[in-house]
Amino acid sequence: MPSIPVNCIILALLAVTLRAGPASTPTGANSPWHTYEAVDGETDGERLSSRTYGAIANESVRRACVRLSASGQSLRWTARASANTIVIRHCIPDAPAGGGSTGVIELWIAGKFRQHLRLDSHHAWLYGENENPQSDDPTLGGAHRFFDDARAFVEGPAIAPGDAIELRLGAPGNGAPEWAVIDLIDLEHVAPPETSAPQGHLSATDFGATPDDDTDDTHAIQAGLAAAKELGKALWLPPGTYAQSAPIVVDGVTLVGAGPWHTILRPTISSAAEREWRGNAGFRLTGRGTQVRDLTIDGTLTGRTGRRQHGFTGNPQSFVIENVWVEHTDTGGWLACEDGVIRRSRFRNTYADGFNINNGSRNIHFEHNHTRNTGDDGLASYSGTDHSGAHRGPNRDITFRHNTVEAPWWAHGIAVYGGENITAENNLVRGAARASGIIVSTGHKAWPGGAIRISGNQIEDSGGTSWSRAWGAILLSTNRGDLSGVFFNENTVLRPSYSALQIQGGTGPIEATISRNHLEPPLGSPSALHIASGVRGTIQVTANTPKNPDIVRNEASPEKLKLIIQTQ
């Protein structure tokens with residue numbers, strides 16, 4: 001990467017004029033559901049809070065939640081909008097020997113019992129004492145990865161605005177777990193599915209796909225896609241759950257479900273594919289003009305070992321992934337791609353990244369996506385110098401805009417590893433429990449980074465400890481190469497566990513501006529911005545709040561780092 005003269009960088013930094021505090025444009029995804037958090041509800045249960053690894057509350061979105069542990073205890077909210085579906089982010093006990101358990105919790109609406117909702121811990125409760133253990137053996141200690149989602153349609157009339165919504169723990173003899181920890185619920189109003197193929201679409205059932213049974217639908221769906229491509233049509237997956245045994249290849253054609261609440265693909269058929277890198281779930285995208293929309297990929301993994309599953313793999317061009325829901329897989333997606341959009345989708349409860357683009361990807365937009373409870377980075381642009389990235393070069397022209405990333409139980413919220421012209425703006429990141437809410441780094445064998453803009457984001461309750469170190473809510477790091485032209489401005493960092501913004505050095509210099517951000521200091525410390533001793537290059541700090549003179553803790557050598565601090 002060509003070097004940029006320091007004087008040019010400083011002139012560019014001085015020209016930036018931005019407003020402190022939260023961005024005027026709303027942060028985060030515009031999602032079709034309303035979230036009700038346990039900490040905002042009324043309860044006679046126990047309120048929990050923690051920022052310590054190994055505590056259940058530490059993995060909740062706001063590092064606080066509610067435990068119901070006696071028959072009749074409940075958690076209550078008032079509905080803000082109509083809804084006919086519910087998602088419960090919950091933790092219930094593991095089985096004594098591991099492997100998970102099930103139980104039910106009562107749903108009461110407007111003071112009347114409505115239905116039992118099934119809770120499940122089969123995808124939760126990992127154990128071990130290393131940095132990211134994946135065993136299901138409780139005797140190893142080191143319990144973590146506590147939460148999972150339960151989703152269901154609400155029986156009977158839809159929830160109306162103003163209705164009281166109550167989750168109540170019943171008696172153990174009626175199937176209730178010993179206890180249940182609730183982090184939040186999502187309430188959404190979902191339209192009924194179409195019952196016939198839209199105009200211009202073929203139906204997968206015409207090619208032998210049979211939903212809601214135990215037969216393998218992989219080959220039938222693949223045959224339908226081939227026919228749709230040949231005829232210049234799209235393929236429709238009617239409502240139901242489809243079994244698959246290998247990734248379904250989507251090559252220059254459109255695959256559409258009846259909506260993520262209605263069309264579900266699940267890799268319930270064992271095959272040799274599950275031992276290969278691509279695994280036996282989801283889709284392999286290739287070709288130009290490929291689209292996948294309006295469906296769920298529900299994996300069957302219970303850890304990041306042995307079997308493999310991904311929502312999306314491949315190398316598509318001019319592609320669209322829209323309104324998909326992926327969970328219980330290794331990753332929601334792992335693509336080397338060009339000219340694509342990933343939007344209005346949910347990537348939850350994975351054991352690795354929510355979505356990772358890599359190996360020289362170009363011109364990709366992430367917009368209005370929601371990730372939660374990912375076992376690695378929530379959303380990531382990885383410009384690796386290994387594998388295909390060695391000859392394709394770094395990722396370029398990548399934008400993360402208006403996404404919500406919540407409670408990654410391992411690694412970061414939004415991660416930028418090297419690359420050129422990378423933008424993360426107006427995103428909401430909450431509850432990164434073990435690492436940073438946003439990281440810009442040249443680690444993991446990444447290419448150098450240049451023209452990286454981190455702007456208008458809100459980062460809450462983030463930062464933690466792992467790999468024998470504390471992570472700031474935001475981290476800029478040049479540990480394996482230089483970062484030039486980094487603009488960090490108009491961001492808001494609230495309630496960080498450690499530094500709001502942490503800058504670390506390494507083999508390369510950094511050239512950055514930090515302008516008009518609201519950076520809350522951590523509890524017990526006035527220093528919101530921490531510059532470590534190994535940092536070198538040029539950093540301009542301008543008009544950030546709060547205007548405490550001690551907001552910057554600079555440990556770098558003045559001979560190696562040119563630090564310019566201006567209060568206005």
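Above: the structure in question.
Parameters at a glance
Residues numbered from 1 in each chain as written. Predicted model: local features only at pLDDT ≥ 70, side-chain atom pairs only at ≥ 80, totals over all residues. Heavy atoms only, no water. Helix = DSSP H or I, 4+ residues; strand = E, 2+ residues; numbered from the N terminus. Rg over C-alpha atoms; globule rule 2.2 N^0.38 Å. Buried < 20%, exposed > 50% of the residue type's maximum accessible area, 1.4 Å probe, protein only. Contact = heavy atoms within 4.5 Å. Areas by Shrake-Rupley, 256 points an atom, 1.4 Å probe, with all protein chains shown as cover. Lys, Arg positive; Asp, Glu negative; His and termini not counted. Charge placed at Lys NZ, Arg CZ, Asp CG, Glu CD. Pairing = 2+ DSSP bridges. Salt bridge = Lys/Arg side-chain N within 4 Å of Asp/Glu carboxyl O. Core = buried A, V, L, I, M, F, W, Y, C linked by side-chain atoms within 4.5 Å.

Turning to the overall build of the protein chain, a few remarks are in order. What the protein chain contains, in helices and strands, is 3 helices and 48 strands. Expected size for 568 residues packed as a compact globule is a radius of gyration near 24 Å; at 24 Å, the protein chain falls within 12% of this value. If you line up the protein chain on its principal axes, its C-alpha atoms span 70 × 60 × 45 Å. Going through the 568 residues of the protein chain one by one, you find that 59% of them count as buried. Of the contacts formed within the protein chain by residues at least 6 apart in sequence, a portion of 73% connects residues at least 24 apart. A total accessible area of about 20500 Å² is found for the protein chain, and carbon and sulfur atoms account for 50% of it. Side chains of the protein chain carry 48 positive and 58 negative charges; the gap between the two charge centres is 5 Å.

Spatially, 15-18-20-22-25-28-31-34-39-42-45-47 is the arrangement adopted by the 12 strands of the open sheet, whose pairing is parallel. Edge positions in the sheet fall to strand 15 (248–251) and strand 47 (552–554), since each of these pairs with one other strand and no more. Summarising the sheet, strand 20 (residues 312–314) and strand 22 (residues 334–335) pair through 2 bridges and their orientation is parallel. Each bridged residue has a counterpart across the sheet, and for Thr 313 the counterpart in strand 22 is Trp 334.

Opposite charge on two side chains permits pairing when their charged atoms draw close. Overall, the coordinates contain 31 salt bridges when judged by the stated rule. Arg 392 is paired through a salt bridge with Glu 338; the nearest N and O atoms lie 3.6 Å apart. With a gap of 54 residues between them, Arg 392 in helix 3 (residues 389–392) and Glu 338 in strand 23 (residues 338–343) connect regions that are remote in the sequence. Beyond isolated ion pairs, a larger network of salt bridges with shared partners links Glu 37, Asp 40, Arg 62, Asp 149, Asp 186, Arg 348, Arg 372, Glu 406 and Arg 430.

Of all hydrophobic cores here, the largest spans 72 residues; its most connected members are Ile 221, Phe 283, Phe 312, Phe 355 and Ile 503. Broken down by element, this core gets its largest block of residues, 5 residues, from helix 2 (residues 218–231). Contacts of Phe 312, omitting those with residues within four sequence positions, involve Phe 283, Leu 285, Val 292, Ile 297, Ile 321, Val 324, Val 326, Gly 332, Gly 333, Trp 334, Leu 335 and Phe 355. Core analysis: the second largest hydrophobic core is formed by 27 residues, Leu 68, Ile 86, Ile 185 and Leu 187 among them.

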